[in-house]
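# Coordinate analysis (summary)
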Amino acid sequence: APLVLEGFVPYPEDTAAHYRANGYWIDQTLPEPLFDTIARTPDKTALIAGDVELSYAQLGDQVLRVAAALQSRGIRRGDRTVVHLPNVPSFIVFVYAIWELGAIPVFSPAAHRRTEIEHFVEVTEAKAYVTISRHDGADLSALAADLLDKWPSLEHTIVLDPDGRGAAFDELLRHEPLPHERRSRPEDVALLQISGGTTGRPKLIPHTSETYLHSVRGSIPLCGITENSVQLTAVPICHSMSVRSPGFLGVLAAGGTVVLAPDGSPDTCFPLIEKHRVTQSSMVPPLLLAWLNSSLKQQHDLSSLESLHVGGAKLSAEAARRVAPELGAFLQQGFGMSEGLVNYNRFDVDEERSVRCQGKPVSPGDELLILDDDGAEVAPGVAGYLLTRGPSTIRGYFRLPDENARSFTADGFYRTGDIVERDTEGYLSVVGRSKDQINRGGEKVAPEEVENLILGHESVHDVSVVGVPDPILGERVKAFVIVRQGVDPAGMKLGVVRQFLRQRGLASYKLPDALEVVTEFPKTGFGKVSKRLQRVPL
Ligand code: J2J
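Just so you know, the residues in each chain are numbered from 1, in the order the chain's sequence is written. For a predicted model such as this one, the threshold for reporting local features is a pLDDT of at least 70, and the threshold for listing and counting side-chain atom pairs is 80 or more; totals across whole chains, interfaces and linings nevertheless cover every residue. Calculated side-chain values reflect all of the structure's heavy atoms, with hydrogen atoms and water omitted.

## Here we look at the overall build of the protein
Across its full length, the protein carries 18 helices and 26 strands. Computed over its C-alpha atoms, the radius of gyration of the protein comes to 23 Å, within 12% of the 24 Å expected for a compact globule of 538 residues. Projected onto its principal axes, the C-alpha coordinates of the protein cover approximately 65 × 55 × 55 Å. Residue contacts are counted whenever heavy atoms from the two residues lie within 4.5 Å of one another. Taking the contacts inside the protein whose residues are at least 6 apart along the sequence as the reference set, 69% of them involve residues at least 24 apart. Per-residue accessibility takes into account occlusion by the displayed protein chains alone, with areas from the Shrake-Rupley method and a 1.4 Å probe. Surface accessibility of the protein: about 21,200 Å² in total, with carbon and sulfur atoms responsible for 51%. We count Lys and Arg on the positive side and Asp and Glu on the negative side, and we leave His and both chain ends out. Lysine's charge is taken at NZ, arginine's at CZ, aspartate's at CG and glutamate's at CD. The protein carries 55 positive and 69 negative side-chain charges, and their two centres are separated by 2 Å. Counting from the N terminus, the helices are the DSSP runs of H or I reaching at least four residues and the strands are the DSSP runs of E reaching at least two. Note that the radius of gyration is over C-alpha atoms, with the globule rule given as 2.2 Å times the number of residues to the power 0.38.

See the structure below:
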């Protein structure tokens, strides 16, 4: 029987039947494409990270041993495990092991801290938490111990060394491997992914094997992934771009090789590209800019690069034009969202569109509506609000009925909050945004979440957080603060607020990059704070 998970918004039965009849949803669960490749090419290299190199057979063996270890700890189909790891091989081992059990990984970026992690443990009633002992100066083993004390659902924490290995991982690998078999159904919720967020608390996106693998299968040919592909994971591994667009799921299904970079800098990535003859990577615009502007370009052989998928935030036309001549790779712009829909420019796109556009939908099943203020569809070339529905797109966030009533129409379209234009060929360009979200170089920040925490500071009377233009990141986070009566405004410094938020356990990419003390906020005609006026660069 299908898994019953309270808080998951199901697809209407006729829609699900239609997706299956059209072959959008197939009878496959998330670990199965990997095990198909293991059977085909057991000796081929699946995964490289630092001095670790795993063949497909070795990767499969580790997955089944860790699955056995988790099963012995009582993890079963449908149980949630928060996976809070950086770009290390054990991330991939853990998520496949969890999938093998039919359990549900909650993908948490390594940059997340107490605020985010506690929220995920609470909302998902997670049974287990996997992390590393230290990350970026933070003591995560202490966090793990605190969580275990505080949250009754949580039964196990697994704390690995900072490289994702160590005694705790070795202990898991000593278990006898489970037999590989199907322990879930394709329509079960298979993972929970974070949403960029527009609200005070981060939201979780529930995907099934059917919705996720549909997107992966579409991405493989569109991104040119084959058994000869060598993919570099240069952005955080739990991001949708690293997992499914085309991601390690795409590469491991096709029988290629995944190379994990601990960070995306040219110093780290260029030698890896040269050494492993990397052919493909998916990345965000600031990383691409760093690659383009690096003098190391000349010192490394990057000639193996075939294509770079760039998405997550708007890429400037100027940077886009430099990719082919300076990096010798095809620039494949994309525009995706963890909620589901992904668009890619096709390899046969003309040069002008390759620079100006961010793709066409992956799937013929994706329905797009581009609407004006009155809810009427706009003509080609006219900007409008994008709504979407389809075989990769969720029908609701996890356990958020009120939010879902706002973010989804009654007939199941997701209101993306993006303002786009579609040309006569069907190619989209992202031209703006109507949601209250900051896009800091592809990392999404919900102003409300940061504001709510800053309001807890004893010197703060009121605060407004906005994204201000930035030449590298596209936007950065700025806080406008009104101090309480009697507080010396000179004491209200950026460093004070950043330190306060760090202590509260907020991910560092959400911390304000700039702060200004003001006596009042600019107001709109209706008396609301005008974030538009605050966004103007000074
Ligand atoms: C402008 N804004 C963009 C672009 C995303 C593939 C690629 C990206 C994501 C992703 C993803 C943009 N130009 N090219 O999940 O599978 C903004 C939009 C969008 C939001 C989604 C994938 N590409 N965006 O970025 O969930 O505002 O997913 O709604 O992180 O990023 O963010 P996220």
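Here the narrative resumes, following the displayed structure.
## Considerations on the site of the ligand
When at least one non-hydrogen atom of a residue lies within 4 Å of a molecule or strand, that residue is treated as near it. Neighbouring residues of the ligand: 20 residues in total, closest Ser-245, Gly-334, Ser-338, Asp-418 and Lys-435. Whenever two N or O atoms come within 3.5 Å, that pair is a polar contact, provided that in protein one can donate a hydrogen and the other can accept it, and provided that, for residues adjacent in sequence, both atoms are side-chain atoms. Taking Gly-312, its main chain carries an N or O atom lying 3.0 Å from a nitrogen atom of the ligand. Measuring from an oxygen atom of the ligand, one finds a side-chain N or O atom of Asp-418 at 2.5 Å. Isolated, the ligand exposes 620 Å² of accessible area, and the fraction of that covered by the protein chains is 96%. Looking at the shell around the ligand, the elements that each hand over two or more residues are helix 9 (240-243) and strand 15 (330-336). If one sorts the elements of the shell around the ligand by residue count, strand 15 sits on top with 3 residues. Classification used: nonpolar for Ala, Val, Leu, Ile, Met, Phe, Trp, Tyr, Cys and Pro, charged for Asp, Glu, Lys and Arg, polar for all others including Gly. Here the shell around the ligand is built from residues that sort into 6 nonpolar, 9 polar and 5 charged.

## Quick notes on the packing of helix 3 (residues 56-72) against helix 4 (residues 89-100)
Note on geometry: axes are C-alpha line fits, over the in-contact stretch for helices, and angles between N-to-C directions span 0 to 180 degrees. Look at helix 3 against helix 4: their axes get within 8 Å of each other, and the N-to-C directions meet at 60 degrees. The orientation of helix 3 relative to helix 4 falls into the category oblique. For the pair helix 3 and helix 4, the crossing hand works out as right-handed. Packed against helix 3, whose contacting residues are Leu-59, Gln-62, Val-63, Leu-64, Val-66, Ala-67 and Leu-70, the element helix 4 presents Ile-92, Val-93, Phe-94, Tyr-96, Ala-97, Ile-98 and Glu-100 at the interface. For classification purposes, an angle smaller than 35 degrees is called roughly parallel, one larger than 145 roughly antiparallel, one from 65 to 115 roughly perpendicular, and anything else oblique. By definition, any crossing whose near helix is turned counterclockwise from its far helix by less than a right angle is left-handed, and any crossing with a clockwise turn is right-handed.

## Points about helix 4
Each α-helix turn comprises 3.6 residues. Residues three or four places apart therefore point the same way. In this model helix 4 runs 17 Å from its N-terminal to its C-terminal C-alpha over 12 residues, within 8% of the 16 Å that 1.5 Å per residue would give. Within helix 4, 12 of the 12 residues are buried, leaving the element largely enclosed by the surrounding structure. Relative accessibility decides the category of a residue: with a 1.4 Å probe and only protein chains considered, values under 20% of the type maximum give buried, values over 50% give exposed, and everything between is partly exposed. Within helix 4, burial applies to Pro-89, Ser-90, Phe-91, Ile-92, Val-93, Phe-94, Val-95, Tyr-96, Ala-97, Ile-98, Trp-99 and Glu-100. Multiplying one less than the number of residues by 1.5 Å gives the expected span of a helix.

## Let's talk about the nonpolar core
As a rule of thumb, nonpolar side chains are buried together in soluble globular proteins. Leu-59, Phe-91, Ile-92, Phe-94, Phe-248 and Leu-252 are the most contacted members of the largest nonpolar core, which totals 107 residues. If you look at the next biggest cluster of nonpolar residues, it comprises 33 residues, including Leu-232, Ala-234, Phe-270 and Leu-287. Here, nonpolar core means buried Ala, Val, Leu, Ile, Met, Phe, Trp, Tyr and Cys residues that are tied together by side-chain atoms lying within 4.5 Å of each other.

## Comments concerning the side chain of Thr-131
Note on placement: Thr-131 falls in strand 5 (residues 128-132). Its relative accessible area of 0% is what places Thr-131 among the buried residues. A polar contact of 3.1 Å, which involves the side chain of Thr-131, links it to the backbone oxygen of His-84. The contact partners of Thr-131, leaving out residues within four places of it in the chain, are His-84, Leu-85, Leu-140, Ile-158, Val-159 and Leu-160.

Shape descriptors only; they carry no functional weight alone.
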